[in-house]
Amino acid sequence: MELEIERHERINAPLQLVWEEMDSLEQILAKSPQISEYDVVPGGQRARGKTKLAWGPVKWTVDVEVEITEFEPRQRLGFAIEGPSLEVRYEGTIDLAPIGEGETKLDYRGRLDVRHRMASRMRGLFN
């Protein structure tokens, strides 16, 4: 099962300030409420962590692996999150562009790919 996500925002802040809020894996993980705990591997490009999932009465704690896949300072950041036990991979990109001196355009695109055998039964949760 696949799901595409897109969001476009105008942020009332200069590009540099927006970039400083998302310029590392540590920054992204600190702002990701779905990842409850994490350890960034030396070098800063990869991390291991845990996320908690709940579908109705069923709850899981899932180990995840996170990595930076693209990095163009003040322009683009790409990352991937994998949950091998659930056969889940999420790929996200954030593109930034200045709109004048005090405003920034943020384009967020994500793609969720779930290969787990239960994915078809959970389709309604993602639509």
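Scroll up for the structure.
Overview of the structure. As a convention, each chain's residues are numbered from 1 in the sequence order in which they are written. In keeping with the model being predicted, local features are shown solely for residues with a pLDDT of at least 70 and side-chain atom pairs are shown and tallied solely at 80 or more, while totals for entire chains, interfaces and linings include all residues. Hydrogen atoms and water are omitted, and side-chain values are computed over all heavy atoms in the structure.

1. Focus on the environment of Leu 53
- Elements are defined by DSSP. Helices are runs of H or I of four residues or more, strands are runs of E of two residues or more, and each kind is numbered from the N terminus. Here Leu 53 is to be found in strand S3 (residues 46–55).
- Look at Leu 53 and you get partly exposed, because its relative accessible area is 25%.
- Placed 61 residues apart in sequence, Leu 53 and Val 114 show a C-alpha to C-alpha distance of 14 Å.
- The contact criterion used is simple: two residues touch if any of their non-hydrogen atoms lie within 4.5 Å. In this structure, Leu 53 is in contact with Val 58, Lys 59, Trp 60, Val 62 and Leu 86, ignoring residues within four places of it in sequence. A simple rule labels every residue: compare its accessible area, found with a 1.4 Å probe on the protein chains alone, to the largest value its type can have, and call it buried under 20%, exposed over 50%, or partly exposed in between.

2. A look at the side chain of Asp 107
- Positionally, Asp 107 belongs in strand S7 (residues 104–114).
- Engagement of the side chain of Asp 107 in a polar contact is seen with the side chain of His 8, the distance being 2.6 Å.
- Excluding anything up to four places from it in sequence, Asp 107 contacts Arg 7, His 8, Thr 93, Ile 94 and Asp 95. Between N or O atoms, a polar contact is any pair within 3.5 Å; within protein, one atom must be a potential hydrogen donor and the other a potential acceptor, and residues adjacent in sequence are included only when both atoms are from side chains.

Keep in mind these values describe shape, not function.
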